[in-house]
Amino acid sequence: GEKFAANVNLYRTQWNDRTFTRGIRATQPGAEDFTANLLGVNALHQGIEFDFTYKPSDKLNFSGMLSLGDWKWDNDLENVGIFDENQQQVSTIYLPIQGLRVSD
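These remarks concern the structure in this document.

Conventions used here
- Residues numbered from 1 in each chain as written.
- Predicted model: local features only at pLDDT ≥ 70, side-chain atom pairs only at ≥ 80, totals over all residues.
- Heavy atoms only, no water.
- Phe/Tyr/Trp six-rings, centres within 6.5 Å; stacked < 30°, edge-to-face > 60°.
- Helix = DSSP H or I, 4+ residues; strand = E, 2+ residues; numbered from the N terminus.
- Lys NZ or Arg CZ within 6 Å of the ring centre and 35° of its normal.
- Buried < 20%, exposed > 50% of the residue type's maximum accessible area, 1.4 Å probe, protein only.
- Polar contact = N/O pair within 3.5 Å; in protein donor to acceptor, adjacent residues only side chain to side chain.
- Contact = heavy atoms within 4.5 Å.

### Examining the packing of aromatic side chains
Between two aromatic rings, the relevant description is the distance of the centres plus the angle of the planes. Enumeration according to the criterion identifies 3 aromatic pairs in this entry. Ring geometry for Phe4 versus Phe52: centroids 6.3 Å apart, planes at 25°, classification stacked. Taken as a pair, Phe4 in strand S1 (residues 4–24) and Phe52 in strand S2 (residues 34–57) lie far apart in primary sequence, 48 residues in all. Among the aromatic residues, those joined into a cluster by ring pairs are Phe4, Phe50 and Phe52. The ring of Trp15 has Arg18 sitting right over it, with the charged end atom 5.2 Å from the ring centre.

This is the structure we're talking about:
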């Protein structure tokens with residue numbers, strides 16, 4: 001039978017207008033922290049994936065995989081409105097995230 005089999009996958013995906021959720025610390029003493037759902041975030045995901053199986057005999061099988069990805073935010077967020085629990089805008093923020101890794 002077949003002793004070696006492998007797959008290679010290259011990918012490049014542009015994600016536009018994703019939602020980005022972040023906790024925002026209150027700027028005034030005694031005020032509550034809140035969570036912001038930020039819109040308009042773009043990200044570029046690109047990478048390579050490799051998997052294989054090697055079967056030297058009927059009773060022995062080796063398999064493995066490798067995935068290398070480069071996932072980065074593709075734009076900064078400017079003048080993002082921050083709203084309280086009553087949907088009143090309380091502030092705006094600037095998030096310089098362009099070029100940062102998505103996991104950061």
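### Description of the side chain of Asn75
Topologically, Asn75 is positioned in the loop between strand S3 (60–73) and strand S4 (77–83). When its relative accessible area of 16% is taken as the criterion, Asn75 is described as buried. Among the polar contacts listed, one links the side chain of Asn75 to the backbone nitrogen of Asn42, at a separation of 2.8 Å. Excluding residues that lie within four positions of it along the chain, Asn75 makes contacts with Gly40, Val41, Asn42, Ile97 and Gln98.

Function cannot be inferred from these measures alone, as they are strictly geometric.
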